[in-house]
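Here's the letter readout for the chains.
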Amino acid sequence: GWGAPAQPQNAAQPMQRGSIIGSRIGSAVGGVAALPTQARIPADFDAAGFARNAKDQFMALQSANDARDLKRLRDYLTPDLFAQVTQDLADRGDAPQTTEVFGLEAAVLDVTEEADRYIVSVRFTGSVRSEPGVAPDALDEVWHLTKSRTGSDGWVVAGIEQVA
């Protein structure tokens, strides 16, 4: 196994809606991440490979969010987070959205093995903008990705927190 099970902050509970408003996926789902002081990453875990795939997933989710592609969003999100993002899309209205992402970096912060699932916390940094010609906004958030220990389902996003 990967050592003693531990719980990243807020990963098992549904994320609470916050007051942060923005264009990127999950920007209103809230919470402020408390970064771990020491990462728990098993020696046999490919953190660099996971971070590369997480960046691809971030970009795919942002694209699906911009396009209001509920089918693709459902594939990438837990049911609780999908419900919140669906509400965010309804609140956004019909205005078209194109989000540009600059200098996206991803780093695995924590790997947890629970009785029924794995949880990996990934910190994303960079900048984003949703209106041409305006200065990009800083991006610094932690995504909690989860995968069942049984079955062949893929990794899905269970929570998104802004880094203070």
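These numbers come from a predicted model, not from an experiment.

So, how was this worked out
Residues numbered from 1 in each chain as written. Predicted model: local features only at pLDDT ≥ 70, side-chain atom pairs only at ≥ 80, totals over all residues. Heavy atoms only, no water. Helix = DSSP H or I, 4+ residues; strand = E, 2+ residues; numbered from the N terminus. Areas by Shrake-Rupley, 256 points an atom, 1.4 Å probe, with all protein chains shown as cover. Buried < 20%, exposed > 50% of the residue type's maximum accessible area, 1.4 Å probe, protein only. Pairing = 2+ DSSP bridges. Core = buried A, V, L, I, M, F, W, Y, C linked by side-chain atoms within 4.5 Å. Contact = heavy atoms within 4.5 Å. Phe/Tyr/Trp six-rings, centres within 6.5 Å; stacked < 30°, edge-to-face > 60°. Expected span 1.5 Å × (residues − 1). Arc of directions from axis to C-beta.

1. Focus on the overall build of the protein chain
Now for step 1: Helix and strand content of the protein chain: three helices and five strands.
Now for step 2: The N-to-C order of helical and strand elements in the protein chain reads β-α-α-α-β-β-β-β.
Now for step 3: Surface summary for the protein chain: the accessible area is close to 8400 Å², and the carbon and sulfur share equals 52%.

2. A closer look at unusual backbone geometry
Now for step 1: Phi at Arg68 is positive, roughly 55°, even though this residue is not glycine.
Now for step 2: Tracing the sequence through the fold places Arg68 in the loop between helix H1 (47-66) and helix H2 (70-76).
Now for step 3: Here Arg68 falls in the partly exposed class, since its relative accessible area comes to 26%.

3. Re the pairing of strand S3 (residues 117-129)
Now for step 1: In terms of strand pairing, strand S2 (residues 100-113) meets S3 through 11 bridges, oriented antiparallel. By the bridge assignment, Ala107 is partnered in S3 with Arg123.
Now for step 2: Where S2 folds back on S3, the antiparallel hairpin that results is connected by three residues.
Now for step 3: Both S3 and strand S4 (residues 137-148) contribute to a ladder of 12 bridges, which runs antiparallel. Its bridge partner lying in S4, Phe124 is registered against Glu141.

4. What to know about the nonpolar core
Now for step 1: Membership of the largest hydrophobic core comes to 27 residues, with the highest contact counts inside it found for Leu73, Leu77, Val122, Phe124, Trp143 and Val157.
Now for step 2: The set of elements that each furnish at least two residues to this core consists of H1, helix H3 (79-92), S2, S3, S4 and strand S5 (156-163).
Now for step 3: Top contributing element to this core by residue count: H1, with six residues.
Now for step 4: Setting aside anything within four residues of it in sequence, one finds Phe124 in contact with Ala54, Lys55, Phe58, Leu104, Glu105, Ala106, Leu139, Asp140, Glu141 and Trp143.

5. Considering the packing of aromatic side chains
Now for step 1: Applying the stated rule across the entire model yields five aromatic pairs.
Now for step 2: Geometrically, the ring pair formed by Phe50 and Trp155 is edge-to-face, given 5.0 Å between the ring centres and 90° between the ring planes. With Phe50 in helix H1 and Trp155 in the loop between S4 and S5, this residue pair connects regions lying 105 residues apart in the sequence.
Now for step 3: Residue classification places Phe50 among the buried positions, given a relative accessible area of 12%.
Now for step 4: In this structure an aromatic cluster arises from ring pairing among Phe45, Phe50 and Trp155.

6. Some points on the environment of Pro132
Now for step 1: Relative to the helices and strands, Pro132 is located in the loop between S3 and S4.
Now for step 2: Each C-alpha atom of the pair Pro132 and Thr99 lies 9.0 Å from the other, and the pair is 33 residues apart in sequence.

7. Some thoughts on the environment of Glu141
Now for step 1: Relative to the elements of secondary structure, Glu141 occurs in strand S4.
Now for step 2: When the C-alpha positions of Glu141 and Val163 are compared, they lie 5.1 Å apart, and in sequence the two are 22 residues distant.

8. Brief notes about H1
Now for step 1: Compared with the 28 Å implied by 1.5 Å per residue over 20 residues, the 28 Å span of H1 between its first and last C-alpha is a close match.
Now for step 2: Residues Gly49, Phe50, Ala51, Ala54, Gln57, Phe58, Ala60, Leu61, Gln62, Ala64, Asn65 and Asp66 constitute the buried set of H1.
Now for step 3: The inward-facing, buried residues of H1 abut H2, H3, S2, S3, S4 and S5.
Now for step 4: Immediately beyond the C-terminal end of H1, within one or two residues, lies Arg68, with a positive phi of roughly 55°.

9. Some words on H3
What sets the pattern is the α-helix's 3.6 residues per turn: residues three or four places apart point alike.
Now for step 1: Between its first and last C-alpha, H3 extends 20 Å over 14 residues, near the 20 Å set by a 1.5 Å rise per residue.
Now for step 2: Where H3 is concerned, the buried positions are Leu81, Phe82, Gln84, Val85, Asp88 and Leu89. Projected down its long axis, H3 shows its buried positions confined to an angular sector of 165°, all on one face. The outward face of H3, more than 90 degrees from its buried face, is lined by the exposed residues Pro79, Ala90 and Asp91.
Now for step 3: Close packing links the buried residues of H3 with H1, H2 and S5.

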